[in-house]
Amino acid sequence: MNAWKKVVPGMALASALVIAGAGTAAAAPATGNAESAKRPSAVYHFNQLNGYGARGWVKDNANDGWCVQVMIRWYKNGQLRDTDVSARVCGRGRWTGFSMAPGDRYHFKASAWRVYLRYTR
């Protein structure tokens, strides 16, 4: 059983990061462009999230039998061009770092992106 939760849609406009969410993500004031969100069983944080890439970490906060990972869908000119998924994290207190860039072999600057948390058993 897979459960995807959309948490942060984003789009770059004139080199600015625009975040639109339903209260599930909040800008961290200390780092400017960093985004983080807390769920009952997971926490994630971005040190970088823009059209060139994403770096951060995801942590499982519960021993509930669910694993968690981050997925980013990269868009260019309104079309989905690439999807990246972090490693799975299972078990309370476990975490993993990730570094993703739009494009697999040839990287490009994404004009928009969407971030999801994936819960798996």
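Residues numbered from 1 in each chain as written. Predicted model: local features only at pLDDT ≥ 70, side-chain atom pairs only at ≥ 80, totals over all residues. Heavy atoms only, no water.

**Digging into the side chain of His-45**
Right, so step 1: Relative to the helices and strands, His-45 resides in strand 5 (residues 42-50).
Right, so step 2: His-45 sits in the buried class, given a relative accessible area of 14%.
Right, so step 3: At 3.3 Å, the side chain of His-45 forms a polar contact with the side chain of Asn-47. (Helix = DSSP H or I, 4+ residues; strand = E, 2+ residues; numbered from the N terminus. Buried < 20%, exposed > 50% of the residue type's maximum accessible area, 1.4 Å probe, protein only. Polar contact = N/O pair within 3.5 Å; in protein donor to acceptor, adjacent residues only side chain to side chain.)

**Quick word on the confidence of the model for the protein**
Right, so step 1: Residues at a pLDDT of 70 or more form 67% of the protein, whose mean pLDDT is 76.
Right, so step 2: Averaged pLDDT values over the elements of the protein bottom out at 27 in strand 3 (residues 26-27) and peak at 97 in strand 10 (residues 95-100).
Right, so step 3: In the model, residues 8-34 has pLDDT below 50 throughout and makes 49 contacts with residues more than four positions away in sequence or in other chains. (pLDDT = per-residue confidence, 0-100. Contact = heavy atoms within 4.5 Å.)

**Quick word on the state of the cysteines**
Right, so step 1: Tallied over the entire structure, the rule returns one disulfide.
Right, so step 2: Covalent S-S linkage joins Cys-67 and Cys-90, the inter-sulfur distance amounting to 1.8 Å. Around the S-S axis, the bridge from Cys-67 to Cys-90 shows a dihedral of about 110° and counts as right-handed. Of this pair, Cys-67 sits in strand 7 (residues 67-76) while Cys-90 sits in strand 9 (residues 89-90), and the two are 23 residues apart along the sequence.
Right, so step 3: For Cys-67, a relative accessible area of 6% translates into the label buried. (Disulfide = S-S within 2.5 Å.)

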